[in-house]
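Residues per chain, in single letters:
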Amino acid sequence: MASAKKIKVTLVKSVIGSIPVQRRTVKALGLKKIGSSIEHDASPTIKGMVRAVAHLVKVEEI
């Protein structure tokens, strides 16, 4: 059984000053504080969320 690709998303910039939609996207990704990281499957939904807040996060493939 092939495992799905995973990505690690890390919040590197503050959400202060960003628009409310971007704040909610960061929260929906599971990120809270600067430096917090979380692993997600690399689904199109998650990739779209990451693309919307690309200036606030760092993404690594696992």
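Look above for the structure.
What counts as what
Residues numbered from 1 in each chain as written. Predicted model: local features only at pLDDT ≥ 70, side-chain atom pairs only at ≥ 80, totals over all residues. Heavy atoms only, no water. Buried < 20%, exposed > 50% of the residue type's maximum accessible area, 1.4 Å probe, protein only. Helix = DSSP H or I, 4+ residues; strand = E, 2+ residues; numbered from the N terminus. Arc of directions from axis to C-beta. Contact = heavy atoms within 4.5 Å. Core = buried A, V, L, I, M, F, W, Y, C linked by side-chain atoms within 4.5 Å.

(A) Structural detail: helix α1 (residues 20-28). Turning to α1, its buried residues are Gln22, Thr25 and Val26. One face of α1 carries all of its buried residues, which in axial projection span an arc of 100°. Seen from the open side of α1, the exposed residues pointing more than 90 degrees away from its buried face are Pro20, Arg24, Lys27 and Ala28. As for α1, its buried residues are in contact with β1 (6-11) and α2 (44-52). Two residues or fewer after α1 comes Gly30, characterised by a positive phi angle close to 95°.

(B) Geometry of the nonpolar core. Of all hydrophobic cores here, the largest spans twelve residues; its members are Ile7, Val9, Leu11, Val26, Leu29, Leu31, Ile46, Met49, Val50, Val53, Leu56 and Val57. Going through the elements one at a time, β1 and α2 are the ones with two or more residues in this core. Once residues within four sequence positions are removed from consideration, Leu29 is found in contact with Ile38, His40, Ile46, Met49, Val50 and Val53.

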